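# Per-entry structural report
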Amino acid sequence: MSDLSGQFGVVVGIANRRSIAWAIAQAASQAGARLALTYQDDRLRENVEELAALTRDPLVLPCDVAHDQALDELFETIDREFGGLDFVVHGAAFAPKAELADRFVRTSRDGFRIALDVSAYSLVAMARRAHPLMVRRGGGSIVTLTYLGSQRVFPNYNVMGVAKAALEASVRYLAHDLGPDNIRVNAISAGPIRTLAATGIAGFGDILGIYRDRAPLRRNIAAEEVAAAAMFLIGAESRGVTGEILFVDAGFHTAGI
Ligand code: NAD
Ligand code: 0WE
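This text gives an overview of the structure that appears in the document. Because the structure is predicted, anything quoted here is derived from the model rather than measured.

Strand order in the open sheet formed by seven strands is 3-2-1-4-5-6-7, and the pairing between neighbours is parallel. Both outer strands of the open sheet, strand 3 (59-62) and strand 7 (245-248), are each paired with one neighbouring strand and no more. Averaged over all adjacent pairs, the angle separating strand axes in this sheet is 20°, with direction ignored. The strands that helix 2 (residues 42-52) touches are strand 2 (34-39) and strand 3; relative to strand 2, the one it contacts most, it runs at about 160°. Packing of helix 3 (residues 68-82) onto the sheet brings it into contact with strand 1 (8-12), strand 2 and strand 3, and relative to strand 2 it is tilted by some 160°.

What follows is the structure, encoded as structure tokens:
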């Protein structure tokens, strides 16, 4: 496992102990990194504070990624407390519930705007603010989380698929812009995992079963396996990798039939 001692990171997207971002935060903390963990709003503050207490010397800060001012305040605090930044883990995604329960053709203008804003633009907004802090450290690594619904149709994933397509394209454009400053930008495309974001999704159990049946590894994946891939993308072992979408889905995406 990568040694991240002496490194500073920020992790966005922790809701509870099942969050993929929490698995990544735990791995990064165990690898020696010092972390800023953010929570979306007061509803999730206690959850994140309790989890953060399991990491070494955490900063726990609010950040709704839909608000520029909240992002400005987050990065100002990180700058003041850490004096620089080595990595960003972006695990925020949201579409209004109604958009994931009807046909895609019925997507509302507001649903489209919100899904793209929270799930895709927020990566660009974070990368821009992380940039000067990473330059001070001689480079950095930005990792986001995506899903195969960006490239293939999964019924009900709907506007989230469009948002993930925008997110993955943003990874490539950010990698182009920030590469000259030794800042790498990559995404992990995870297979389905039972998290808060999966609860209430009709047929999620069926999706898990279909993945298990068809994936080359004949099983589902765990958040810890996504975290292991994230450690690779954060750490120096991946120093030649940027603009990449790395699948951690037991190989499901390779299957033709
Ligand atoms: P999760 O519900 O634990 O995490 C989603 C996070 O997004 C939550 O912490 C929530 O607070 C945060 N968020 C939503 N709107 C926000 C806002 N306005 N500001 C700040 N934070 C906001 O679920 P998860 O499955 O761990 O999701 C993490 C990421 O992984 C998401 O990008 C998701 O699309 C992606 N992903 C999930 C799966 C899966 O099957 N669970 C598969 C592939 C990719
Ligand atoms: O990215 C996701 C889900 C993200 C998500 C989840 C919710 C549920 C609650 C975004 N917005 C909301 N809004 C809510 O109100 N995944 C990759 C998990 C997921 O969701 C699906 C999937 C998979 C996989 C929806 C339909 C089909 C498959």
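What follows continues from the structure just given.
Turning next to the site of ligand 1. Neighbouring ligand 1 are 27 residues, the closest being Ser19, Gln40, Asp64, Ile193 and Thr195. In the environment of ligand 1, an oxygen atom lies 3.2 Å from a nitrogen or oxygen atom belonging to the backbone of Ala15. Between ligand 1 and Ala93, the relevant distance is 3.5 Å, taken from an oxygen atom to a main-chain nitrogen or oxygen of the residue. Burial of ligand 1 by the protein amounts to 93% of the accessible area it has alone, namely 810 Å². Across the shell around ligand 1, the residue classes tally to 18 nonpolar, seven polar and two charged.

Taken together, 13 residues are adjacent to ligand 2, and Ala95, Tyr157, Ala197, Ile201 and Ile207 come closest. Within the backbone of Ala95, an N or O atom sits 2.7 Å from a nitrogen atom of ligand 2. Between ligand 2 and Tyr157, the relevant distance is 2.8 Å, taken from an oxygen atom to a side-chain nitrogen or oxygen of the residue. Surface burial for ligand 2 is 87%, taken as the share of its 600 Å² of free accessible area covered by protein chains. Along the lines of polarity and charge, the residues of the shell around ligand 2 split into eleven nonpolar, one polar and one charged.

Procedures and definitions
Residues numbered from 1 in each chain as written. Chains lettered and ligands numbered in written order. Predicted model: local features only at pLDDT ≥ 70, side-chain atom pairs only at ≥ 80, totals over all residues. Heavy atoms only, no water. Pairing = 2+ DSSP bridges. Helix = DSSP H or I, 4+ residues; strand = E, 2+ residues; numbered from the N terminus. Axes fitted to C-alpha atoms, helices over the stretch in contact; angles between N-to-C directions. Contact = heavy atoms within 4.5 Å. Near = heavy atom within 4 Å. Polar contact = N/O pair within 3.5 Å; in protein donor to acceptor, adjacent residues only side chain to side chain. Areas by Shrake-Rupley, 256 points an atom, 1.4 Å probe, with all protein chains shown as cover. Nonpolar A, V, L, I, M, F, W, Y, C, P; charged D, E, K, R; others polar.

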